[in-house]
Protein chains: 2
Amino acid sequence: MKIMEHVSKKNVTIDDGFFGFYTRLVRDTMIPYQWEVLNDRVPEAEPSHAVKNFKIAAGLEKGDFHGFVFQDSDVAKWLEAVGHSLMTHPDPELEKTADEMIDLIEKAQCSDGYLDTYFIINKNEKRWTNLCECHELYCAGHLIEAAVAYYEATGKDKLLKVACRFADLIDSIFGSEEGKIKGYPGHQEIELALVKLYKATGDPKYLKLSSYFINERGKEPNYFLYEWENVRNRISHWTKREEPAPNLEYNQAHRPVRQQDKAVGHAVRAVYMYSAMADIAYETSDRELFEVCRKLWENITTRRMYITGGIGSTRHGEAFTFDYDLPNDTVYAETCASIGLVFFSHRMLKMDPSGEYGDVMEKILYNLVPGSMSRNGKEFFYVNPLEVWPEACKKDPGKHHVKAKRQKWFSCACCPPNIARLLASLGDYIYSVNNDTLFTHLYIGGTVEANIRNQKVLISQNSKYPYDGEIEFSISLNQPMNFKFAVRVPSWCRKFEIYINNQKAGYEIKKGYAYINRTWHNGESIRIFFEMPVEIIASNPKVRENAGKVCIMRGPLVYCLEEIDNGPNLSAISLCVDKEFKTGNANDLPEGTVIITGEGFRTVEEGWNDELYKPYRSVETRPVKIKAIPYYLWGNRGEGEMLVWIRAR
Amino acid sequence: MKIMEHVSKKNVTIDDGFFGFYTRLVRDTMIPYQWEVLNDRVPEAEPSHAVKNFKIAAGLEKGDFHGFVFQDSDVAKWLEAVGHSLMTHPDPELEKTADEMIDLIEKAQCSDGYLDTYFIINKNEKRWTNLCECHELYCAGHLIEAAVAYYEATGKDKLLKVACRFADLIDSIFGSEEGKIKGYPGHQEIELALVKLYKATGDPKYLKLSSYFINERGKEPNYFLYEWENVRNRISHWTKREEPAPNLEYNQAHRPVRQQDKAVGHAVRAVYMYSAMADIAYETSDRELFEVCRKLWENITTRRMYITGGIGSTRHGEAFTFDYDLPNDTVYAETCASIGLVFFSHRMLKMDPSGEYGDVMEKILYNLVPGSMSRNGKEFFYVNPLEVWPEACKKDPGKHHVKAKRQKWFSCACCPPNIARLLASLGDYIYSVNNDTLFTHLYIGGTVEANIRNQKVLISQNSKYPYDGEIEFSISLNQPMNFKFAVRVPSWCRKFEIYINNQKAGYEIKKGYAYINRTWHNGESIRIFFEMPVEIIASNPKVRENAGKVCIMRGPLVYCLEEIDNGPNLSAISLCVDKEFKTGNANDLPEGTVIITGEGFRTVEEGWNDELYKPYRSVETRPVKIKAIPYYLWGNRGEGEMLVWIRAR
């Protein structure tokens, strides 16, 4: 199953009109700002206490643990983002800060390798007694991911050694061998981290432990039920009282992983687990596991994914619900879940060079992820709605979880550092190599240095994507070389042309990629023109929420209406789908933003007075101009209504 | 403010094609069946334990209290229904059963008059310590209502004396006088009951106590906050733990009642309170209080009421939300809340002879109330949705409260006996007299014997309403007599004609009533023809849920689509509003039911395969026949989808 290898961000630079802004934002603002938050130095943000927990655990300060049981992971995700960033953008001062944090983590580690400040501070005897709810293995996973990233970026192995000691302890405690706990994490994460640790250290026991966690999960007798009944005496960590047996679907532990064929339960847990499954399938050439992954990936992307790339239809359990249930206004679509779907798709791609995976990554990277953060990098959405009526968010308890404004930080702050680590490692997602083929999955400007059959190729990419479909590549080679250059043809694209050195070029289309096979010479250029008209998109009729409605798209970008441009009550607007749409600019949005205008009608509110209901024949509409902006920019011009799915006329 | 007096059901008989079925069902099935349920003799229904609680409290059996803290009220509401029923339909065996229950209640009463089995059985020292949550005054109210109804029907005063003793005890404990508790009920109900007790006994102290409860409510310092802090030490009855301060809006105690102008909080509590306010305004000629009632009534009916007469938009607190927030699929629209709105409207009518009140009563009586029960009288909806997707009700936790099938009983069984007592007293709602005018509010066949200026008038009413707009009245008089005969012109009616003795008659229209002023002779007939075409109704554009959608109505009846007639996925259907609609019959619905057929289009699902999203231009629709049935009959032919608001084409 080892079909492709992704080119590491180490060999990729990003110089891109769209993502340059965000990757700079991560380095210049998000990483420093989040460090301040983790140290409780941002008065407007909810206090984190995360660094302080480590200080207390290390015996350097007195006090109690504060925050969620998984608070440690916020520090780890930050360190991972720092690692990714240092790999491409060295920064001695940042590295010094990180080294100090790592020293602190090392000091907090117990002599046996254990490392979780919640339990170290005052519950040491409770270690491993509530895997279902208490996130110890989840936090361990993030620590491992941070350690690997930091080691790969800096060559420093202090944190890696800390992580190995902890992983070794975990390996001695968990497993199917006699005397070990036959458990697995409540919140999956360590599984994918252990594969990274295996690859960083070469030690197969970490891969084996990861496989154990995956394969044991959901088997009978069910460990979470056993633990609930016999280990924690039905007491819940959250309520401190007896509670009913855990919902096994929530944890994807309702049946053995290989028998799962629908994405269920907590969406972040699900996609983190599927990512690890894909990793294991890749590393161990496990075709069966790949097929399971494929079924789950298809279930998500063809039945349970919003057009923005959001997943998780309900706030109850932050979870998937069922096929085609995609409500726009009570949606969950947690930022972390979509980031996890990027991880999962990226891993599937290594085993299956199919454009679909890149399509999904692109959808999330251009819509949900940038939409989840403010342009100043300091405010975030946890929930990413497709329809917002601010009054309802405030006054309807069923919509309280949907916010009309990004927030500075969250008591459960999983999303902001997850965005930082994704964007800081964006270089990992663009290119792959398979024998004689160099794949381009994403149209993100910059350079790549790839090795094709032991020969170096340097390619630079340049475009105004996602606002313009013209992409230019130029090739630097020491000597002429035959290889296939494969570019993903986005699923939104109906028509495209490829030119080599200004001559129309031939290519072969296979599973969403255009393959150009020739002998390349130094200095040659490839230009691709993806036609990028305004497209009016409908939902599968089984998505009842969107019946009779359409979404405006252009290229990979989903567009939306905002109250500031279209007036209050966006539901009163219907869009003339057959009239002309025009692209243009707006001076209250970032330079280069392409907005879309069209024609529509608005139901006239005047004349209704105090009637709630009256004959339809007396309802009047009037023509209005419609102005749509890219979804990822919504909510940056004050609080107001927002709408993605518009009634078609 | 004493403008009209309603004619009592004592002087009204019901012989009606529509309601005859339901009033018989109450007598023949619901009252006997509910008695079995209250005695835990229906194995398929959730056990009630309500009668047993009285036996235990009376010392006749051993055991613990079971059920909700307001379980007693189920027995009281049943007894009230029995009282109403006996008034018009004597039934010695039923009366004997009721007398035995009353003996039991009397035995359960404490020597000081206290009567609430939850507290008597094991919490006597906790009496009156949690008015906010514990429903003692609510249960007292239902006991009083039952006592008055039973006394009026049978002349037997045993239960009335029980109620008076309890009311006297309450009067000695609550009030603004030094040494009394300055509290009021968490769940309003006793206020309107005390007005009934005042009228039955003539004792003004009950009216005074009712006024006290209304006028004290919501004043500063707030009693519920005081009680939470100082009486119950922040402990909640429900969780038995410390909980935050109560939500005062939920209890309509957020400000003095006379300063309230929006319907907020728990919908049943709200309308029960408004009903009592209207009673007090009537009895004490309190114009200010009437104006407050009017504002609240307008807020509900012009901003917060479903087209079926449902109120309460959210399950969170079973509550009102905010203006124009009327979601169809996450709706609450509790049966009891709409019954309470009938109570409130009926009371407003006595002070304000305006057709609007009858319009609202009619809307609820022909749509929500009969829709909330099965045709066999044994299954009920607590929540009355306007859009049901059974899969979502099961798999989306945000819709678990919406049921696609009526249930046999509920652990919180407030609704079924409420329906019984409303339908058993339906005769109270049809006619009123004001000096020289006899008003007809509802088109329910039967007879009325009214006193107009001390002269007796006997009128019989006959129609096939709500399926036919022709209503015939015939008048029996001992001697010719001049009076005004006023009939409500339903707000749904655009055109009507009135004939007297087959001659077109003149009339004066005033606030929704047509007044015919003449000297009437014995044997004369009045025939009214309300044109009753199919009407396509739209919502106020501020109701976002219904944007672009219409509802089919005919006369007072709201129609809906069901899966059994129109296939699965009703959201894929759009209705041709300009094409012809036809009325017809269906042999799988009760005889006489008028169904409506029309034309529409259905989005074609074939050809979508696994795509979630694709260009709108490739979406196909095909013409389909639409079959709509009266909303009140939905869910009687197996479980399936249902839809009231249909996309307009």
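Keep in mind that this is a model prediction, so the values were computed, not measured.

*Asks:* How should the overall build of chain A be read in this particular structure?
*Replies:* Broken down by element type, chain A carries 18 helices and 24 strands. Against the compact-globule benchmark of 26 Å for 649 residues, chain A has a radius of gyration of 25 Å, which places it among compact chains. Across its three principal directions, the C-alpha atoms of chain A cover 75 × 70 × 50 Å. The 649 residues of chain A split such that 65% are buried. Pairs at least 24 residues apart make up 71% of the contacts formed inside chain A by residues separated by at least 6 positions. Surface summary for chain A: the accessible area is close to 23,200 Å², and the carbon and sulfur share equals 46%. Positive and negative side-chain charges in chain A, numbering 81 and 89 respectively, have mean positions lying 2 Å apart.

*Asks:* Would you take a moment to explain helix α15 (residues 355–371) of chain A for this structure?
*Replies:* An α-helical turn contains 3.6 residues, so any two residues separated by three or four positions project in the same direction. Residues and elements named next belong to chain A. Taking 1.5 Å per residue as the helical rise, α15 with its 17 residues ought to reach 24 Å, and the 23 Å between its terminal C-alpha atoms agrees with that figure. In the structure, α15 departs most strongly from a straight axis at L365, where the bend amounts to approximately 35°. Of all 17 residues in α15, 16 are buried, a share of seventy percent or more.

*Asks:* Just to check I follow, could you spell out the relation of the copies chain B and chain A for this structure?
*Replies:* Two chain copies, one operation linking them: a rotation about an axis together with a shift along it. When chain B is fitted to chain A, the residual RMSD is 0.0 Å, and the transformation amounts to a turn of 180° plus an axial shift of 0.0 Å. Viewed as a symmetry operation, the transformation between the two copies matches a two-fold axis. Residue G398(B), judged by its C-alpha, is the member of chain B lying nearest the rotation axis, at 3.8 Å. Of the interface residues in chain B, 100% have counterparts in chain A that sit at the interface too, so the contact is made through matching surfaces.

*Asks:* Help me understand the packing of aromatic side chains, please; the structure alone is not making it clear to me.
*Replies:* The description of an aromatic ring pair rests on the distance of the ring centres and on the angle between the ring planes. Under the definition given, this model contains 84 aromatic pairs over all chains. On the basis of an interplanar angle of 85° and a centroid distance of 5.0 Å, the ring pair of F65(B) and Y118(B) is categorised as edge-to-face. Here F65(B) is found in the loop between α2 (50–57) and α3 (72–88), whereas its partner Y118(B) is found in helix α5 (residues 117–122), with 53 residues between them in sequence. Just as F65(B) is buried, Y118(B) falls in that class too. Between R518(A) and the ring centre of W520(A), over which it is positioned, the NZ or CZ distance is 5.0 Å. Across from the ring centre of W608(B), 4.7 Å away, lies the NZ or CZ of K614(B), which sits over that ring.

*Asks:* I'm lost on the side chain of E227(B) in this one. Help?
*Replies:* Residue and element names in this part refer to chain B. Mapping E227 onto the fold places it in helix α11 (residues 223–231). At 3.1 Å, the side chain of E227 and the backbone nitrogen of C132 are in polar contact. Setting aside residues up to four positions removed in sequence, E227 forms contacts with W128, T129, N130, L131, C132, R232 and N233.

*Asks:* Teacher, can you tell me more about the interface of chain B and chain A here?
*Replies:* Listed per partner, the contact involves 62 residues of chain B and 63 residues of chain A. Between chain B and chain A, roughly 5,100 Å² of surface is buried when both sides are summed, and carbon and sulfur atoms account for 59% of that area. Looking at the side of chain B facing chain A, the largest losses of area belong to R544(B), L612(B) and Y613(B), adding up to 17% of the total buried there. Linking chain B to chain A there are 8 salt bridges. Here D610(B) ties to R303(A) by a salt bridge, and the two come within 2.8 Å at their closest N and O atoms.

*Asks:* Looking at this structure, I do not really get the sheet that holds strand β1 (residues 5–6) of chain A. What am I missing?
*Replies:* Across a sheet, strands are paired by hydrogen bonds formed along the backbone, either parallel or antiparallel in direction. All names here are of chain A. Taken in spatial order, the 6 strands line up as β1-β4-β5-β9-β13-β12 in an open sheet, and their pairing is mixed. Edge positions in the sheet fall to β1 and β12 (508–510), since each has one partner strand and no second. Summarising the sheet, strand β9 (residues 481–488) and strand β13 (residues 513–520) pair through 8 bridges and their orientation is antiparallel. The residue bridging F483 from the neighbouring strand is R518, located in β13.

*Asks:* Can you walk me through the environment of A276(B) in this structure?
*Replies:* On the secondary structure map, A276(B) appears in helix α12 (residues 267–284). With sequence-adjacent residues up to four places away left out, A276(B) is seen in contact with E191(B), L192(B) and I214(B).

Rules used in this analysis
- All residue numbers here refer to positions counted from 1 along the written sequence of the relevant chain.
- Chain labels run from A onward and ligand labels from 1 onward, assigned in the order the entries are written.
- pLDDT decides what is reported in this predicted model: residues at 70 or higher carry local features, side-chain atom pairs at 80 or more are listed and counted, and totals for whole chains, interfaces and linings draw on all residues regardless.
- The basis for the side-chain values is all heavy atoms of the structure; hydrogens and waters are excluded.
- Helix and strand definitions here come from DSSP, where helices need a minimum of 4 consecutive H or I residues and strands a minimum of 2 consecutive E residues; each element is numbered from the N-terminal end.
- Every radius of gyration here is taken over C-alpha atoms, with the globule rule written as 2.2 Å times N^0.38, N being the number of residues.
- The buried label applies to any residue whose accessible area, calculated with a 1.4 Å probe on protein chains only, is under 20% of its type's maximum; exposed applies above 50%, and partly exposed to all values in between.
- Here, two residues are considered to be in contact whenever any of their heavy atoms come within 4.5 Å of each other.
- To be clear on the numbers: accessible area is Shrake-Rupley with a 1.4 Å probe, and residue cover counts the displayed protein chains and nothing else.
- His is not counted, nor are the chain ends; Lys and Arg add positive charge and Asp and Glu add negative charge.
- Charged side chains are reduced to one point each, which is NZ for Lys, CZ for Arg, CG for Asp and CD for Glu.
- One less than the number of residues in a helix, times 1.5 Å, gives the span that helix is expected to have.
- Fitting axes to the seven residues that end at a residue and to the seven that start at it, the angle between those axes gives the bend at that residue.
- Residues reaching a pLDDT of at least 70 in both copies supply the C-alpha atoms on which the copies are superposed by least squares.
- The pairing test for Phe, Tyr and Trp rings, Trp by its six-membered ring, is centres within 6.5 Å, and the orientation test on the planes gives stacked under 30 degrees, edge-to-face over 60, and tilted for anything in between.
- A ring is considered to have a charge above it if a Lys NZ or an Arg CZ atom is located within 6 Å of its centre and within 35 degrees of its normal.
- Two N or O atoms count as a polar contact when they lie within 3.5 Å, although within protein this holds only if one can serve as hydrogen donor and the other as acceptor, and sequence-adjacent residues are included solely when both atoms are side-chain atoms.
- In this description, buried area is defined as the sum, over both parts, of the accessible area (probe of 1.4 Å) that is lost when the two are combined.
- The salt bridge criterion pairs a side-chain nitrogen of Lys or Arg with a carboxyl oxygen of Asp or Glu, the two atoms within 4 Å.
- Pairing between strands requires that DSSP locate at least two bridges from one strand to the other.

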